[in-house]
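# Examining the three-dimensional arrangement
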Amino acid sequence: MKKIIILIACIFLSYNCVMTNDIDSLFNLINKKKIGTEKIELLIELSEKFAQNGNKKALDYLQWANRIADSINNYHFRIQIYKKIGINWRNWGDNYKSIDSLYQALLLTEKSSEYHKERADIYRNMGESYRAVGVYDKAIEYLKKAEDEFPKFKDSVVLAKTYNRYAAVYFEMATNELDDYFRKLNIEKDSASLLNIYQNVLTYKQKYDLAIKHVNKAIELSKSLNLIETIVSTNNILATLYRNTMQFEEAKKVYSYTIDLVKKNNITSELPLLMHNFAGLFYINKDYKNALILAKESYEFSMKYDYKVYQYLSAGLLNNIYKQMGNFEKANYYLELFYQTRMEYFKNDLDNAIKINNIENEAKKKQQEFEYQEKRKKNILITLLVFFGVVLVFVAFLIINNKKIKSMNFNLQNKNQIIEVQKDKLELMNVEKDKFFSIIAHDLKNPLGTFKNLTEMMYDMPEDFTEDERQDFIKLMKDSAGNVYSLLENLLEWSRSQRGKITFNPVEINFYDIVRLTINTLNPTAQTKKISLLNNVEQNLNILADPNLLNTVIRNLISNAIKFTPEGGTIEIGAIKKPSEGLEPSEGSIHIYVKDSGVGMNEETINKLFRIDVNITSQGTSGEKGTGLGLILCKEFVEKHGGKIWVESELGKGSTFWFSLLK
């Protein structure tokens, strides 16, 4: 026995010295590495060093590694990191955080169909976390999923570890059956009763057989793969199964052999449970001295590395040992530690917290009358809580209902305000449309009246006019018909725009060609006034625009320029690249201009342009009529492109109409 204790102490000392040197060297390496997979691997290795010491700084380094893995979209490392976080939380006693982190890892495995091995290992760890909180059906469910994944990747290491966890689950279920059996019979465990338990309790026998079956599978596979840690864990289960069935010599051999394995391979994670179970063997044999030494070692190791589950297990065993030795002061001390650490371990598990409360109540039960009074107080308290709960629910209902009513009133007020705003807009639009149609009627009346009078004169008095007069009349009729047609054409385009009948289909087009074709169409009209139309656009300038709408804009602007430019004048069409602030030049806009050497405009006229409710009928240099409707169309079509239109002009110095388009 002394040899075993000395071996354990040596393991602690050598482990701590090596650990300190490893951590220092890892720090130096991490600081030298740039962002990438090598740095992630070093951070994971450093976290494992801290985790082995029970230091929760391990989580900080895992989170650091996770941020790097996320930044480079490395799902493989992110899966491994979330899994390790889950394992650490389980070791530190927070199994619900463990399950949550493992579930995050499981979700990431769905990013690819190649993560079968990772998914199997996560299933295995989820099974282990559910085992740790005593939810055995869930534990078996996830271990079965891990086993089912095995044919997809053929990695026997994961399968061996899965068999090991199966053995642990069935071992605990068998142990619970054993405890329930003695609790129901209200008898103490002794050698005589334990010898017959295997034959007498069928449910225990079933769980025991399943545990032994998976122990054998795990050991056979682990030995073939030289999985020392899995062998240590499985041997711990096997030895404890031997102990519970009074096979003491076999149990002692397996415990001793396993502790020797721990020493040779410097494995510490299984030591607390191994020492606790070995201490239990001596306790059952009533060798309280050796039981006490091992139980203390288990407790001190668990405290040092913050293993909550082993803390409360060791504290409970120490309580029983000291009671048997007659040291009730020490027994009570460890009993309090047992309750404290067990409650802390199960702080997120309601079912286990209730079990702990029941154990505490049983341990502290007093006389029957006192228990009756306690129950009565509890019933009164529950009744009051239920009453106040109902009142709170009712008050909450009233508050929520009141909030709903306020919200509905607020929404109603908002809707009324919206309706009022829409009503005002509609009234303004109607006024503007009325003015507009009045203007259109007026502008149609003049050319149509002229056309009517001339045709009547030529019909009623055909012989009274000379040939030159008839030619003048025909020219006037032609001009009048042209003005009416132009007005009706623009009016039709505007009407289609207002009814949403004009579609906007932007494509990449050569702007030089658009201007060239428009100039070819309008050149005959310009030549009658000896006006030069100049295309200053770069021949390779491509823009994103709707060709039909853009052609209408260019045609209207050039037609207007021809009207208001005297004979012998010049009209220029060009485009300037304007990079937007904060953007690359290729992401800027194009400013397009139509510049004439015409009569120009004053400020008052400029302010009336592009307005539907103002009559801006004006006469060109050769008596041409213009209504301004073409400019309204230009404004709407430019805005469909996300651009703006404006004018620069001065009386007697011509005008320049500008509009912008995105490149």
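Note that the structure is predicted; figures quoted are calculated from it, not measured. (Residues numbered from 1 in each chain as written. Predicted model: local features only at pLDDT ≥ 70, side-chain atom pairs only at ≥ 80, totals over all residues. Heavy atoms only, no water.)

## Structural notes on the overall build of the protein
Applied cut-off: The helix and strand labels rest on DSSP assignments: H or I over at least four residues marks a helix, E over at least two residues marks a strand, and numbering proceeds from the N terminus. Contacts are assigned to residue pairs that have any heavy atoms within 4.5 Å of one another.
In terms of regular secondary structure, the protein is built from 23 helices and nine strands. Looking at the protein alone, contacts between residues at least 24 apart form 65% of all its contacts between residues at least 6 apart.

## A short note on the sheet that holds strand 9 (residues 655–662)
As a reminder, the rule being used: Two strands qualify as a pair provided that DSSP identifies no fewer than 2 bridges between them. Axes, fitted as lines to C-alpha atoms, cover a helix only where it is in contact. Angles between the N-to-C directions of the axes lie from 0 to 180 degrees.
A sheet is described by the order of its strands in space; here five strands give the open sequence 2-4-5-9-8, paired in mixed fashion. The open sheet has two free edges, formed respectively by strand 2 (532–535) and strand 8 (645–649), since each of these has just one partner strand. Strand-to-strand twist in this sheet, taken as the mean axis angle between neighbours without regard to direction, amounts to 20°. Judged from the seven bridges that link them, strand 5 (residues 589–596) and strand 9 form a sheet pairing that is antiparallel. Residue pairing for strand 9: S589 is matched across the bridge by L662. Across the sheet, helix 20 (residues 511–528) is in contact with strand 2, strand 4 (570–578) and strand 5; its angle to strand 2 comes to roughly 175°.

## Details of the packing of helix 4 (residues 75–91) against helix 6 (residues 116–132)
Where we set the bar: Oblique is the label for every angle not falling under 35 degrees (roughly parallel), over 145 degrees (roughly antiparallel), or within 65 to 115 degrees (roughly perpendicular). Crossings are classed by handedness, with left-handed meaning an anticlockwise turn of the near helix from the far one by less than a right angle and right-handed meaning a clockwise turn.
One can describe the packing of helix 4 onto helix 6 by two numbers: an axis separation of 11 Å at closest approach and a directional angle of 15°. Of the possible angle classes, the one that applies to helix 4 and helix 6 is roughly parallel. The two elements helix 4 and helix 6 meet at a crossing, and its hand is left-handed. Between helix 4, through H76, I79, Q80, K83, I87 and R90, and helix 6, the contact on the second element is made entirely by E118, D121, I122, N125, E128, S129 and A132.

## A word on the nonpolar core
Our working definition: Residues belong to one nonpolar core when they are buried, are Ala, Val, Leu, Ile, Met, Phe, Trp, Tyr or Cys, and are joined through side-chain atoms within 4.5 Å. Here's how the labels work: a residue is buried when its accessible area is under 20% of the maximum for its type, exposed when over 50%, partly exposed in between, all with a 1.4 Å probe on protein chains only.
In this structure, I122, M126, V215, I237 and L241 are the most contacted members of the largest nonpolar core, which totals 47 residues. Contributions of two or more residues to this core are made by helix 4, helix 5 (95–108), helix 6, helix 7 (136–149), helix 8 (156–185), helix 10 (202–225) and helix 11 (228–244). With 14 residues, the single largest contributor to this core is helix 8. Those residues in contact with L241, other than ones at most four positions away along the chain, are F171, Y208, A211, I212 and V215.

## What about the pattern of salt bridges?
A pair can form between side chains of opposite charge whenever their charged atoms are brought close. Convention followed: Here, a salt bridge means any Lys or Arg side-chain nitrogen found within 4 Å of an Asp or Glu carboxyl oxygen.
Summed over all chains, the structure comprises 18 salt bridges. Across the pair R124 and D121 runs a salt bridge whose closest N-O atoms are separated by 2.9 Å. Residue R124 and its partner D121 are both found in helix 6; the two are separated by three residues, about one turn of the helix. Comparing R124 with D121 shows no difference in burial state: the two are buried. The shortest N-O distance in the salt bridge between E172 and R131 comes to 2.0 Å. Of this pair, E172 sits in helix 8 while R131 is found in helix 6, placing the two residues 41 residues apart along the sequence. Residues E172 and R131 agree in their burial class; the two are buried. Where salt bridges share partners, they join E128, R131, R165 and E172 into one cluster.

## Description of the environment of Y204
As for its placement among the helices and strands, Y204 is situated in helix 10. With a relative accessible area of 1%, Y204 lands in the buried category. Taking the C-alpha atoms as reference points, Y204 and T175, 29 residues apart in sequence, are found 7.8 Å from one another.

## Structural notes on the side chain of E118
This is how it is decided: We score Asp and Glu as negative and Lys and Arg as positive, and we do not count His or the chain ends. Here a polar contact is taken to be a pair of N or O atoms separated by no more than 3.5 Å, where protein atoms must pair a possible hydrogen donor with a possible acceptor and residues adjacent in sequence count only if both atoms sit in side chains.
Residue placement: E118 occurs in helix 6. With no salt bridge to any partner, buried E118 finds its closest opposite charge in K117, at an N-O distance of 7.1 Å. At a separation of 3.3 Å, a polar atom in the side chain of E118 contacts the side chain of H76. Setting aside residues up to four positions removed in sequence, E118 forms contacts with H76, I79, Q80 and T109.

## Quick notes on the pairing of strand 3 (residues 542–545)
Side-chain alternation along strand 3 places I543 and A545 on a buried face and N542 and L544 on a face that remains uncovered. Where strand 1 (residues 507–510) lies against strand 3, four bridges are found, and the strand directions are antiparallel. Considered in strand 3, the bridge of E508 is made with L544.

## Structural notes on helix 4
Helical geometry: 3.6 residues make up each α-helical turn, so side chains three or four residues apart lie on a common side. Rules: A helix is expected to span 1.5 Å for every residue after the first.
Between the first and last C-alpha of helix 4 there are 24 Å, a value that for 17 residues agrees with the 24 Å anticipated at 1.5 Å per step. What helix 4 keeps buried is the set F77, R78, I79, Q80, I81, Y82, K83, I85, G86, N88, W89 and R90. Contact partners of the buried residues in helix 4: helix 2 (37–52), helix 3 (57–71), helix 5 and helix 6. The backbone nitrogen of H76 lies 3.2 Å from a side-chain oxygen of the residue at the head of helix 4, namely N74.

## Focus: the confidence of the model for the protein
Keep this limit in mind: Along the chain, pLDDT gives the predictor's confidence residue by residue, from 0 to 100.
Put simply, the protein has an average pLDDT of 78, and 75% of its residues get 70 or more. Every residue in residues 350–367 is under pLDDT 50, and counting partners more than four places away or in other chains gives 16 contacts. Here residues 582–586 scores under 50 on pLDDT; set against residues more than four positions off or in separate chains, the count is three contacts.

## With respect to the packing of helix 13 (residues 271–284) against helix 14 (residues 288–304)
Where we set the bar: Three classes are used, and their members are as follows: Ala, Val, Leu, Ile, Met, Phe, Trp, Tyr, Cys and Pro are nonpolar, Asp, Glu, Lys and Arg are charged, and the others, Gly among them, are polar.
Look at helix 13 against helix 14: their axes get within 8 Å of each other, and the N-to-C directions meet at 160°. Considered as vectors, helix 13 and helix 14 are oriented roughly antiparallel to each other. Considering the relative orientation of helix 13 and helix 14, their crossing is left-handed. Counted together, L271, P272, M275, H276, F278, A279, F282 and Y283 of helix 13 and Y288, N290, A291, L294, A295, E297, S298, F301 and S302 of helix 14 form the full contact between these two elements. Split into classes, the residues belonging to the contact of helix 13 with helix 14 amount to twelve nonpolar, four polar and one charged.

## Examining a nonpolar patch on the surface
Put simply, the rule is: Here a patch means residues that are over 30% exposed by relative accessible area and free of salt bridges, tied together within 9 Å if like-charged and within 5 Å if nonpolar (Val, Leu, Ile, Met, Phe, Trp, Tyr). Every accessible area reported is derived by Shrake-Rupley at a probe size of 1.4 Å, with residue values counting cover from the shown protein chains alone.
Taken together, the side chains of I380, L384, F387, F388, V391, F394, V395, F397, L398 and I399 present a nonpolar region at the surface, about 950 Å² in accessible area. As for its position among the elements, F397 is in helix 18 (residues 368–460). Here F397 falls in the exposed class, since its relative accessible area comes to 52%.

## A closer look at unusual backbone geometry
Located in the positive-phi region is N226, a residue other than glycine, with phi close to 55°. Within the fold, N226 resides in the loop between helix 10 and helix 11. Its identity as a non-glycine residue notwithstanding, K530 has a phi of 55°, on the positive side. Residue position: K530 is located in the loop between helix 20 and strand 2. Here K530 falls in the exposed class, since its relative accessible area comes to 62%.

## With respect to the environment of V507
Among the secondary structure elements, V507 is positioned in strand 1. Spatially, the C-alpha atom of V507 lies 6.1 Å from that of D546, the residues being 39 residues apart in sequence. Apart from the residues lying within four places of it in its own chain, the contact partners of V507 are I543, L544, A545 and P547.

## Focus: helix 13
The terminal C-alpha atoms of helix 13 lie 20 Å apart, and with 14 residues this matches the ideal 20 Å at 1.5 Å per residue to within 8%. Judged by how many residues are buried, helix 13 sits mostly within the fold: eleven of 14 residues are covered. Looking one or two residues past helix 13, K286 carries a phi angle of roughly 65°, positive in sign.

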